[in-house]
Amino acid sequence: MRNRLISSRLNKRRPLRWIFTGGIITCALFLIAAKKVISWTSTDKYCMSCHIHPHAEQTWRLGTHYNNSSGVVTHCVECHLAPKGKGYLYTKAKHGLKDLYGYLFKDSADINWESKKLIENAKKFVYEESCLECHQNLFPVTLSKEGSDAHLFYTLSSDPPRCINCHLGVGHFDRSLIHARDTSFGVTKSAEAVVFTEPAKVEKFENFTEKIPGTGVSFRMIAVEGGTFRMGSPDNEPLREPDEGPVREVSLSPFWIGEVEVTWDEYLAFFRETSSQGRTEGQVVTSRKVDAVSGPTPPWGAPDQGWGKGSRPAITMTWHAANVYCRWLSMKTGKKYRLPTEAEWEYACRGGTQTPYFFEGDPKKFTSEGFFKKIFRPDTSNIASYVVYKVNSSSRTAPPGQVKPNPLGIKNMSGNVAEFCSDYYSESAYAADSVRVDPRGPSEGQERVIRGGSFKSDARDVRSAARDHTKTKAWLTTDPQMPKSIWWYSDCIDVGFRVVCEPDSQILTKK
Amino acid sequence: MKKIDRRKFIGNAAVAGLGLAGAAALIEGCGRKKTAEPAGLPPVLRGAPKGRKLKAGLVGAGGRGTGAAINFISAGPDLEIIGVADVFQDKIDACRERFASFGLPIPAENCFTGFDGYKKLMAIEEIDVVILATPPRFRPDHFLEAVTQKKHVFMEKPVAVDPTGIRSILATAKKAEAIGINVVTGTQRRHQEDYIETYKQVASGAIGRITSAKAYWNQDHVWFRLREPGWNDMEYMIRNWNNFIWLSGDHILDTHVHNIDVVNWFMGKHPERAIGYGGRHRRVTGDQYDFFSVDFDYGSGISSHSMCRQIDGCANGTGEIVVGTEGYTNCQNTIWDLDGKIIWKFEYPPDENGNPTNSLRIPSYVQEHMHLVWAIRTGNYVNEAEQTAYSTLTAIMGREAAYTGRLVTWDDILKSDLKLGPEKIEMGPVDMKFEPPVPGLPVQV
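Residues numbered from 1 in each chain as written. Chains lettered and ligands numbered in written order. Predicted model: local features only at pLDDT ≥ 70, side-chain atom pairs only at ≥ 80, totals over all residues. Heavy atoms only, no water.

### Describing the interface of chain B and chain A
If you look at the interface, chain B gives 15 residues, while chain A gives 16 residues. Of all residues in chain B, Arg167, Lys175 and Lys415 of chain B bury the most surface against chain A, accounting for 41% of the area lost on that side. Summed over the shared surface of chain B and chain A, the number is one salt bridge. With its nearest N and O atoms 3.4 Å apart, the salt bridge here joins aspartate 149 of chain A to arginine 167 of chain B. At the surface where chain B touches chain A, the tally comes to three residue pairs in polar contact (both at pLDDT 80 or more). Put simply, the parts of the chain that give the side of chain B that touches chain A at least two residues each are α5 (139-148), α6 (163-179) and α14 (410-415) of chain B. (Contact = heavy atoms within 4.5 Å. Buried area = accessible area lost by both parts, 1.4 Å probe. Salt bridge = Lys/Arg side-chain N within 4 Å of Asp/Glu carboxyl O. Polar contact = N/O pair within 3.5 Å; in protein donor to acceptor, adjacent residues only side chain to side chain. Helix = DSSP H or I, 4+ residues; strand = E, 2+ residues; numbered from the N terminus.)

### Concerning the nonpolar core
Residue and element names in this part refer to chain B. Grouped together as the largest cluster of nonpolar side chains are 97 residues, with contacts concentrated most on Phe143 and Met155. The greatest single-element share of this core, amounting to 10 residues, is contributed by helix α13 (residues 385-404). Setting aside chain neighbours within four positions, we find methionine 155 in contact with Leu132, Arg139, Phe143, Ile169, Val183, Val184, Thr185, Gly186 and Ala385. (Core = buried A, V, L, I, M, F, W, Y, C linked by side-chain atoms within 4.5 Å. Buried < 20%, exposed > 50% of the residue type's maximum accessible area, 1.4 Å probe, protein only.)

### Here we look at the packing of aromatic side chains
One pass over the structure, following the stated rule, counts 43 aromatic pairs over all chains. Ring geometry for phenylalanine 359 of chain A versus phenylalanine 366 of chain A: centroids 6.4 Å apart, planes at 45°, classification tilted. Classification of phenylalanine 359 of chain A as buried rests on a relative accessible area of 6%. Residue phenylalanine 366 of chain A is classed as buried on the basis of its relative accessible area, which comes to 2%. On the basis of an interplanar angle of 15° and a centroid distance of 5.1 Å, the ring pair of tyrosine 328 of chain B and tryptophan 336 of chain B is categorised as stacked. Among the aromatic residues, ring-to-ring pairing joins Trp264, Tyr267, Phe270, Phe271, Tyr325, Trp328, Trp488 and Phe497 of chain A into one connected group. Arginine 448 of chain A extends its terminal NZ or CZ atom over the ring of tyrosine 424 of chain A, reaching a point 3.8 Å from the ring centre. (Phe/Tyr/Trp six-rings, centres within 6.5 Å; stacked < 30°, edge-to-face > 60°. Lys NZ or Arg CZ within 6 Å of the ring centre and 35° of its normal.)

### Concerning the pairing of strand β13 (residues 334-337) of chain B
Each regular strand carries side chains that alternate between the two faces of the sheet. Residue and element names in this part refer to chain B. The side-chain alternation of β13 yields two buried faces, one formed by Thr334 and Trp336 and the other by Ile335 and Asp337. Pairing geometry for strand β12 (residues 327-329) and β13, over three bridges, is antiparallel. Each bridged residue has a counterpart across the sheet, and for glycine 327 the counterpart in β13 is aspartate 337. Where β12 folds back onto β13 in an antiparallel hairpin, the turn is made up of four residues, including cysteine 331, whose phi is positive at roughly 70°. Relative to strand β14 (residues 342-345), β13 runs antiparallel, the two sharing three bridges. Bridging across to β14, tryptophan 336 finds its partner in isoleucine 342. (Pairing = 2+ DSSP bridges.)

### Some thoughts on the domain arrangement of chain A
Residue and element names in this part refer to chain A. When the domains of chain A are assigned, the result is domain 1 (55-170) and domain 2 (208-509). The centre of domain 1, based on its C-alpha atoms, is set 33 Å off from the matching centre of domain 2. Each side of the interface is counted separately: domain 1 has 13 residues, and domain 2 has 14 residues. Taken over both partners, the interface formed by domain 1 and domain 2 buries close to 1,100 Å², and the fraction arising from carbon and sulfur atoms is 58%. Across the contact surface, domain 1 and domain 2 share one salt bridge. Glutamate 120 is the partner of lysine 456 in a salt bridge, and the nearest nitrogen-oxygen pair spans 2.6 Å. Taken together, the connections running from domain 1 to domain 2 amount to three residue pairs in polar contact (both at pLDDT 80 or more). Taken together, the elements giving at least two residues each to the side of domain 1 that touches domain 2 come down to α6 (113-116), α9 (145-156) and α10 (163-166). (Domains from an automatic or database assignment.)

So, in structure tokens, the structure goes:
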């Protein structure tokens with residue numbers, strides 16, 4: 001009786017057992033298959049079956065993660081996914097879905113691959129934990145003095161930079177990404193046909209071409225008549241920020257302003273003549289009493305980012321360096337050169353307009369930000385012919401010939417590189433200003449105003465009223481020197497400047 | 001302590017040391033009294049354990065260097081000095097004579113003169129340990145070369161004279177740690193049993209929460225050398241290194257760093273900023289100050305008053321005082337309550353006849369070498385470079401505060417590019433001005 005009961009129970013259980021066993025086998029097979037799929041989709045070959053964009057594979061093979069003396073090859077997923085057990089599957093799913101979407105709905109040729117190389121973008125798909133997974137000893141005995149200082153800073157800092165802040169070119173080789181002091185930078189110059197012996201003589205308040213004595217370098221200065229304008233953006237301007245107001249009437253005396261941003265040719269003339277070896281020496285120039293100008297130390301890395309120099313705007317110099325440049329230029333030419341005030345900058349940029357841009361257009365239509373712009377392309381008509389910005393820049397500066405000027409004949413006020421102003425930045429500077437005649441901004445502060453947006457900017461940030469400021473600490477993150485350079489920003493590649501010249505009173509009366 | 005006379009001291013230590021070498025050999029290393037404390041405190045040993053023979057090279061064969069070499073061989077069985085590097089031949093000769101007189105000759109072919117002698121010494125394969133005891137200006141380069149050549153290191157304090165050197169030491173310390181190179185430094189108070197026991201009392205709350213400290217090294221004038229005919233600028237400065245800032249870092253580093261190190265140790269951190277005074281009244285040669293008084297601010301209202309002086313006929317004494325909410329201590333052996341009543345005292349071991357003493361059986365100068373040998377032979381890793389670099393940097397911060405008259409913060413000094421001394425280190429004339437620093441600005445008349 002008892003036995004029968006048991007056997008009948010067993011009989012009843014048998015199908016269950018089969019289902020159970022079958023389930024285990026299915027699961028096992030599924031897991032094995034899944035594992036195969038995961039490892040197959042993590043091979044270099046699989047990655048490169050889609051990532052066929054220019055140089056992805058070639059630059060990898062040329063880089064130190066492939067081409068090194070140890071013979072060890074670092075594979076795509078070892079950098080571009082988190083390490084196994086530390087978010088590997090999650091990041092694989094995340095990037096996989098994104099790539100699948102791109103594969104199905106985007107055209108590879110339309111993707112701005114160049115911009116992926118910028119550090120702020122590279123951070124999104126190169127994992128710090130993955131760097132550290134392999135690079136466990138940050139202090140190998142063979143590490144150089146500079147490397148030791150930098151890694152010491154990395155370990156001592158409460159908010160350390162990423163590995164790729166300094167080691168950006170290790171995965172995909174790029175000749176211009178040198179992370180070392182470039183002592184040969186700008187030292188050799190090509191033979192110049194004309195060498196000016198005298199600066200330009202200016203008799204009247206009108207446009208003129210300045211000549212830097214002792215060099216073949218010249219540049220155009222545009223005369224800007226004095227006047228009154230409404231500075232800032234009204235509350236109803238699309239995509240404005242609160243620091244652009246309140247709008248107020250500002251009166252300005254006449255001044256000249258550079259037709260284009262200071263070029264590498266101009267800046268290198270200064271660099272060659274004044275460059276100094278030690279920073280201590282450089283610091284002396286902050287005292288006004290010194291009559292000989294001592295200028296920049298050799299830069300760190302390639303300041304021109306390998307894009308070329310010539311008429312491209314000079315970049316990566318600090319605000320201090322730009323300021324010393326103006327003092328040097330004043331000494332060379334006997335005129336009063338300086339950085340523009342924020343009010344002068346906006347007045348010159350607007351050139352009499354009171355619209356968001358100095359040309360026609362609506363920021364809302366031009367901007368690439370927002371969900372719908374991911375699907376529908378932003379409007380680029382008009383703006384693309386005046387401004388070098390995110391959409392048309394290929395993530396680098398452009399020579400000034402590529403754009404049309406503003407109503408005063410000035411180029412690249414908006415876009416290309418953002419420009420230093422002499423004012424300290426304050427969010428509430430406009431409300432606090434009680435002078436309104438040739439205002440010079442707050443009397444003290446931490447960071448300086450920069451204006452105009454750059455080749456990295458969205459259309460929103462190249463509006464005439466858009467304001468921004470220097471970020472000294474962030475822009476020196478990877479400078480391994482202690483103390484950090486006062487001449488070169490190690491981590492800012494899209495800010496330069498343009499000069500203003502003050503006419504003396506006799507010239508104005510001769511008008 | 002009335003007067004520190006290095007040479008005299010070394011003489012005593014040498015005699016004591018040699019006796020100990022024999023004693024240690026008898027004990028055969030089985031006498032390790034205690035293991036390292038969980039708090040990372042050094043072990044207190046009666047002798048280094050037996051093990052593989054360790055051959056050492058000495059860099060800097062002056063008084064302290066020769067003394068340290070003798071301390072090393074006194075630390076336990078099978079320890080040898082087999083090579084010496086020094087800038088000057090006469091120093092090497094004196095050191096070799098000394099060792100020959102013990103019956104432990106150092107082969108002449110392992111001795112190297114000149115500024116690069118240390119490289120040749122460290123290139124010797126069979127050397128396991130190097131003792132770095134030159135003027136501190138050269139220490140960072142020597143330490144880096146030692147670790148590059150995979151030699152275990154004993155190095156004297158201070159470990160550098162400027163922030164550039166300190167950062168080099170910090171990075172090299174990490175390189176050493178990565179490959180298991182042991183490093184012990186000459187801040188010997190950290191190896192003294194009486195200090196260690198007092199520290200344990202304080203760490204377990206014997207004086208409550210620490211509220212302030214005082215550190216002082218006030219003594220008579222120290223040795224100096226007048227220039228002799230035939231000496232070029234560089235030779236003169238190195239022979240008189242104890243009086244030149246770029247070579248010694250000034251006496252706030254050279255000697256007072258011991259007290260500063262103890263205060264950092266008991267506080268459990270380094271100060272955040274310093275304001276200091278100093279000056280020069282009685283010194284005969286060089287460019288150093290002969291007194292400093294520095295307020296080291298540890299944050300949260302806690303300060304340590306640091307003073308050091310090298311002038312004859314003044315109120316002298318050396319030591320540390322740490323004051324807490326419930327009592328205070330001299331850090332060395334005694335704890336008082338706030339009324340001045342002794343509440344704890346370290347008991348020194350009795351001598352052979354059972355009479356009470358007030359000193360440790362093993363001098364701390366030897367104890368630190370026992371620690372190094374113990375670490376190498378037992379695999380209990382030790383690396384004191386970072387802690388001594390931070391104490392040296394603390395002293396540098398105080399020194400610069402006194403020299404300039406300004407407030408100097410930890411961040412300022414850690415990142416400073418100050419580098420002392422001529423760009424090129426070579427024998428011959430040196431184009432440098434040696435004027436003692438003057439703080440602040442002149443009054444505009």
